[in-house]
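Coordinate inspection notes
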Amino acid sequence: MEVKTSLLDNMIGVGDMVLLEPLSEDSFLGNLKKRFDHSEIYTYIGSVVISMNPYRSLPIYTPEKVEEYRNRNFYELSPHIYALADEAYRSLRDQDKDQCILITGESGAGKTEASKLVMSYVAAVCGKGHEVNKVKEQLLQSNPVLEAFGNAKTVRNDNSSRFGKYMDIEFDFKGDPLGGVISNYLLEKSRVVKQPRGERNFHVFYQLLSGASDDTLRKLKLDRDFSKYNYLSLDSAVVSGLDDAANFRTVRNAMQIVGFMEDEVQSVLELVAAVLKLGNIEFKPESRCNGTDESRVKDKNDLKEMCELLGMEQSVLERAFSYRTVEAKMEKVSTTLNVAQAYYARDALAKNLYSRLFSWLVTRINESIQAQTKARHKVMGVLDIYGFEIFEDNSFEQFIINYCNEKLQQIFIELTLREEQEEYVREGIEWTNIEYFNNAIICDLIENNQNGILAMLDEECLRPGTVTDETFLDKLNTICADHQHFESRLNKNSKFLNDHSLPHNCFRIQHYAGKVLYRVEGFVDKNNDLLYRDLSQAMYKANHSLIKQLFPEGNPAKVNLKRPPTAGFQFRASVGTLMRNLQTKNPNYIRCIKPNDKKASHIFTDSLVRHQVRYLGLMENVRVRRAGYAFRQPYEPCLERYKMLCKRTWPHWKGPAREGVEVLMADLQIPAEEISYGRSKIFIRNPRTLFFLEEKRKQCLQDLATLIQKIYRGWKCRTHFLLMKKSQIVVAAWYRRYAQQKTYRNIKSATTVVQSYTRGWQARKLLRELKYQKRCEEAVTTIAAFWHGTQARLELRRLKQEARNKHAVTVIWAYWQGTKARRELRRLKEEARRKHAVALIWAYWQGLKVRREYRKFFRANAGKKIYDFTIQRIIQKYFLGLKSSMPSMSPIDRKWPARPYGFLDGVHTELRKIFHHWRCKKYRDQFTEEKKAVYEEKLEASEIFKDKKALYPSSVSQPFKGDYLEISKNPKYQKLNSAVDEKVLLADVVNKINRANGKGTPRIFLLTKKNFVLADQKTGQVKASIPLPDVTSMSVSTQKDGFFALKLKEGSASAVKGDFLLSSEHLIEIITKLHRIGATAADREKLKVDISDEFLVQFKQDKVCVKFIQSSPKNGNSVSCKRKNNRLLEVSVPTSP
Ligand SMILES: Nc1ncnc2c1ncn2[C@@H]1O[C@H](COP(=O)(O)OP(=O)(O)OP(=O)(O)O)[C@@H](O)[C@H]1O
Ligand SMILES: [Mg+2]
């Protein structure tokens, strides 16, 4: 069964201020404080919810809480914002009544949080499904986007909404959300260009700079450093507990969910960046020839970047900052702007750009979240609008805001009274007139079309001639002088003349919530909200789709000379629309209160809360609510709650609930004037009566509790006694059973013992008799046995005798037979021995005869034949063995099988030689002509150098390559190659030893059939070309060096400078090749190769001795050559390690 509870249960203070007794401001505050101290932040005034900002997160917004408040009556549970949201949602869904939730309170009181709580509650309890969830998500995600662009940190609230917001959420007949429409009011755009001390610009600027990627910032031409931007106050750029970077990501994500396209997001960010850039544009004065000052942009970099961002021509914007064109009746007059005007124009542009962007965002969100069906829908409006503002310095904005609050108060009074009246009519209760303050008079003072303050302001702004804030005040002083809620020092009404709290440039209005002093400075300007046409035209020219949309008036094709509507006019119109909208709906109020100025939890500043209670008109609320009847309740719950107070209604009332309540009230002697009986509800005039009922109920509950306790205790004791009695009978029965069982077991065992003794005695007696009988039988048997034994032994003895006799006969017979057999055997053996002897003698005789016959055939040639045969076999075996173990055909294979017998030594060696010659021939036969020539060269080298020069062994394995420089292929030597017309046999780099100092210079050495050439290694220029016939001999050392001397024919043309001393790594090849060419030339003698460690060479006129000495490897591993004197050139060759 569902537990019926009531708001009145476990109340801390009173949950509904209507029940406050006595009602005074102090008791009101006392009740709020008491509840606040117990974390009860919500309190009702009838159906109005007062919400205290706890400044900490309370565990009262959990899904369990949502379930608790879901589908419960408003007064059933303790006060909660969910109860209000549930009431509104249910009456929208079930009774088809459009709802509005009006949330008011001062900045930081928790309006925005409250609106989000209402939205999240409704989202949680309404229908589910893919489409519905998408709509819900879009509606909820519109909040972060609007908060980023419309909220800022102020001294009063770190996330202060700087715009008013009204959101209509549309539902279908089932109560599922279909979409929504958002209206925004009066964005505080002045914040874009200037922020009060300790406050910040709108969140989005900081979020963009902290959260955007480096790439995005680069594209937007922005720097992460806040200090680079004049429009960003550094005062509280970083707010503790606010993660701008993370919020930027949340906003981007929310924009995506709401349905912004990627290019739209980019355009929005470009505009935000452009505003920042705009703030950095500075101006300097420049004097003109006519004496006036003109402004010029100081540093054009920011201007340039901003124009690039917005796709604008720099010169167009620059001109718009310097000139102002006024158009009147087809006439255009251009005037220059001085520096102050240029700054004004810049800031006006920034403010307009931002506020138009904000309005565009709201429109764009509306496009996304608008209901997709045209079907009739129910609407729940949530209004989160600035509360009453009373500052030290109040300006145009406060005036507008307070005007809005006056209108809301009026609608509150109207609707509350109307509702009250409707309820009285519905319930058939007589209407008593209620005394309350109607603020319509103040609204009239402000909005009256003829002489209202706003109308005066508009008139002043549109009036030709000099218009200042002072002229506006003068006008007010004359027109509103008699109004009882308007106060001014310069009023003709003399009563304020000496009021020093009212300065001359101010006027004061007595609002319903208190008096507010307004400073007129800036009223005209802010109301005008002018943006020079040159600027809007410049903006329209931008090559940026969003900017173009934001400044439609800049379109030269649609020039409108009419002044745009003033800010005041626009606001009055939108407030009017809002009020008309709200009047068609069932209102639900949430009044938010801020407990302290420190944004701290647990602190309740009495004066601050008192102030808010006053200007929110909460006491007024309570009074209006209590004007008729303080408390009302349907009959059924009322009877259910109080029926225990009367014997006739307790415990059950059989008749209708109303009669029951009447009987109850009569029984309790409640005075008739205190209560009224409506159709479905009882109305209680005074809270005291209710508390009397509650008190009685509490007492009665206590009595009832005692009665219940008494009955319960009696029942408990009786039950216990009966249980004990029942248990005692059971225990006794069980014990008796046990005792009887024990006695029975004893008797039974005694009987068994007696029985056994008797049976034992009888058995023993019988045993004795049986034993005697058995002994007698045994004695007879024994005697019979002895007798039979004697008989048997006699018979046995007789039989044995008989057998002995028979055996003796058999033995004698056997002996006789044996003797006979042995004799016969002996005879037969003798006969066989004789026969064998005869056969043996016969065989010997036959053998002797045969040997004598054949002896002559055997002995003559047997030895030789056997020898020849054996030798033949051995040789055959040798050859066959050799055949199977022949070495490979490689001439360098030194393997040869071992000889098996010593006598084959000579043959074996000879065969080895033959085989080697044969395989060498086979090997040679495979040679091509070139290879043959190479081997011939190698052979010739061996003939020249083997065992004569220490360098030779290392050259054997190196093939003679000839052309080491690949002279014909290398393009570097193309010239050189063409200079030599013969085929090049050898091309290499050699060292030419300088004749004067013995130092080497690298030279290209080319050898052809006819001459050798020395050329420069780098340039390929021929240095010397010597015909080979001029070479007489060559000299080399015996050591490992590569030195060689080419001696030339004395007197020949080549020998002018003398012989050549060269050194090469391929000495062996060069000398062999030279030697070979000499050998093949028919017309010449062979070139002689002289191998000696000392030889003479002819250097010009000198005969120089080239001497090779061995040096220790310690002095270096390279060969060194030194000219010692003009007779000696010493080459030191390191000995091999
Ligand atoms: N119910 C709540 N529970 C916890 N904290 C809250 C609650 N309501 C408000 N707050 C705290 O108070 C701060 C201010 O609340 P909120 O932004 O809703 O104020 P506001 O009335 O909308 O102010 P403004 O008029 O400046 O926009 C919130 O950021 C939050 O920290
Ligand atoms: Mg807010």
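Now for a look at the structure at hand. (Residues numbered from 1 in each chain as written. Chains lettered and ligands numbered in written order. Predicted model: local features only at pLDDT ≥ 70, side-chain atom pairs only at ≥ 80, totals over all residues. Heavy atoms only, no water.)

Re the overall build of the protein
Assigned secondary structure in the protein consists of 32 helices and 31 strands. Computed over the C-alpha atoms, the radius of gyration of the protein is 68 Å, more than 25% above the 32 Å expected from 2.2 N^0.38 for a compact globule of 1137 residues. Residue burial in the protein is summarised as follows: out of 1137 residues, 45% are buried. Residue pairs at least 24 apart in sequence account for 63% of intrachain contacts in the protein once pairs closer than 6 positions are excluded. Accessible area of the protein: about 63,000 Å², with a carbon and sulfur share of 55%. For the protein, the distance from the average site of its 184 positive side-chain charges to the average site of its 137 negative ones is 20 Å. (Helix = DSSP H or I, 4+ residues; strand = E, 2+ residues; numbered from the N terminus. Rg over C-alpha atoms; globule rule 2.2 N^0.38 Å. Buried < 20%, exposed > 50% of the residue type's maximum accessible area, 1.4 Å probe, protein only. Contact = heavy atoms within 4.5 Å. Areas by Shrake-Rupley, 256 points an atom, 1.4 Å probe, with all protein chains shown as cover. Lys, Arg positive; Asp, Glu negative; His and termini not counted. Charge placed at Lys NZ, Arg CZ, Asp CG, Glu CD.)

Some points on the nonpolar core
Counting 214 residues, the largest nonpolar core has F28, F149, L317 and F507 as its most contacted members. Leaving out residues up to four positions away in the same chain, F28 has contacts with M17, L20, I45, I50, V613, L618, M619 and V622. Judged by nonpolar contacts, the second largest core, of 32 residues, contains A1024, L1062, L1067 and I1077. (Core = buried A, V, L, I, M, F, W, Y, C linked by side-chain atoms within 4.5 Å.)

A short note on the packing of helix α14 (residues 396-427) against helix α21 (residues 567-583)
Where α14 contacts α21, the two axes come as close as 11 Å, and the packing angle between them is 20 degrees. Comparing their axes, α21 and α14 come out roughly parallel. Note that α14 runs across α21; the crossing there is right-handed. Residues F396, I400, Y403, C404, K407, L408, I411, E414, L415 and R418 of α14 lie in contact with α21, whose contacting residues are A567, G568, F571, R572, V575, M579, L582 and Q583. Residue composition of the contact of α14 with α21, by class: 12 nonpolar, 2 polar and 4 charged. (Axes fitted to C-alpha atoms, helices over the stretch in contact; angles between N-to-C directions. Parallel < 35°, antiparallel > 145°, perpendicular 65-115°, else oblique. Left-handed = near helix turned anticlockwise from the far one by under 90°. Nonpolar A, V, L, I, M, F, W, Y, C, P; charged D, E, K, R; others polar.)

Some remarks on the side chain of R90
Inspection of the secondary structure assignment puts R90 in helix α3 (residues 81-95). Every residue in contact with R90, bar those within four places of it in the chain, is listed here: N71, R72, N73 and Q95.

Observations concerning the coordination of the magnesium ion (ligand 2)
Every protein donor of the magnesium ion (ligand 2) is accounted for by T112 (OG1) and S161 (OG), and the metal-donor separations fall at 1.9 to 2.0 Å. Residue T112 is found in helix α4 (residues 111-125), and its partner S161 is found in strand β5 (residues 160-161); the two are separated by 49 residues along the sequence. (Donors = N, O, S within 2.8 Å, 3.2 Å for Na, K, Ca; no water.)

What to know about the sheet that holds strand β20 (residues 986-993)
Pairing within the open sheet is mixed, and its 8 strands lie in the order β23-β22-β21-β20-β26-β25-β24-β27. Whereas interior strands pair on both sides, the edge strands pair on one side only; in this sheet they are β23 (1022-1027) and β27 (1088-1091). With strand direction ignored, the average angle separating the axes of adjacent strands in the sheet is 30 degrees. (Pairing = 2+ DSSP bridges.)

Considering the packing of aromatic side chains
By the definition in use, this model includes 40 aromatic pairs. Look at Y344 and Y532: their rings are 6.3 Å apart centre to centre, the planes differ by 45 degrees, and that puts the pair in the tilted class. Separated by 188 residues along the polypeptide, Y344 in helix α13 (residues 339-369) and Y532 in the loop between α18 (523-528) and α19 (533-540) bring together distant segments of the chain. Looking at Y344, the relative accessible area reads 31%, which means it is partly exposed. Ring plane angle 80 degrees and centroid distance 5.5 Å describe the contact between F396 and F523, whose orientation is recorded as edge-to-face. (Phe/Tyr/Trp six-rings, centres within 6.5 Å; stacked < 30°, edge-to-face > 60°.)

Structural notes on the side chain of D469
Summarising the element assignment, D469 is placed in helix α17 (residues 469-479). A distance of 2.7 Å separates a polar side-chain atom of D469 from the backbone nitrogen of G522. When neighbours within four sequence positions are excluded, D469 is seen to be in contact with V520, E521, G522, F523 and V524. (Polar contact = N/O pair within 3.5 Å; in protein donor to acceptor, adjacent residues only side chain to side chain.)

Examining helix α16 (residues 453-462)
Residues spaced three or four apart along an α-helix point in a common direction, a consequence of the helix completing one turn every 3.6 residues. Burial runs high along α16: 8 of the 10 residues are buried. If you check which residues of α16 are buried, you get I453, L454, A455, M456, L457, D458, E460 and C461.

Describing α21
An ideal rise of 1.5 Å per residue puts 24 Å on 17 residues; α21 measures up with 24 Å between its terminal C-alpha atoms. Where α21 is concerned, the buried positions are A567, G568, F571, R572, V575, G576, L578, M579 and L582. The buried residues of α21 occupy one face: seen down the axis, they fall within an arc of 165 degrees. (Expected span 1.5 Å × (residues − 1). Arc of directions from axis to C-beta.)

Observations regarding the site of ligand 1
Within the structure, ligand 1 sits among 17 residues, and S107, K111, T112, S160 and S161 are positioned closest to it. At 2.7 Å, a side-chain N or O of K111 approaches an oxygen atom of ligand 1. In the complex, the protein chains occlude 85% of the 620 Å² of accessible area that ligand 1 would expose alone. Contributing elements (two or more residues each) for the shell around ligand 1: α4 and β5. Classifying every residue of the shell around ligand 1 by side-chain character gives 4 nonpolar, 9 polar and 4 charged. (Near = heavy atom within 4 Å.)

Some remarks on the sheet that holds strand β14 (residues 506-511)
With respect to topology, 3 strands assemble into an open sheet ordered β13-β14-β15, the strand pairing being antiparallel. In this open sheet, the two edge strands, each paired with only one partner strand, are β13 (486-488) and β15 (514-519). Neighbour-to-neighbour, the strand axes of this sheet turn through a mean angle of 25 degrees, independent of strand direction.

Re a positive patch on the surface
Taken together, the side chains of R764, K765, R768, K771 and R775 present a region of like positive charge at the surface. Note that K771 resides in helix α26 (residues 687-858). (Patch = residues over 30% accessible without salt bridge, like charges linked within 9 Å, V, L, I, M, F, W, Y side chains within 5 Å. Salt bridge = Lys/Arg side-chain N within 4 Å of Asp/Glu carboxyl O.)

Quick look at the pattern of salt bridges
As a working rule, side chains carrying opposite charge can pair if their charged atoms are close by. Applying the stated criterion to the full structure yields 72 salt bridges. For E67, the salt bridge identified is with R70, shortest N-O distance 3.1 Å. A relative accessible area of 28% places R70 in the partly exposed class. Residue D172 pairs with K174 through a salt bridge whose shortest N-O separation is 3.2 Å. The exposure class assigned to K174 is partly exposed, which follows from its relative accessible area of 46%.

Considering a nonpolar patch on the surface
On the surface, L840, I841 and Y844 cluster together into a nonpolar patch covering about 370 Å² of accessible area. Residue position: L840 is located in helix α26.

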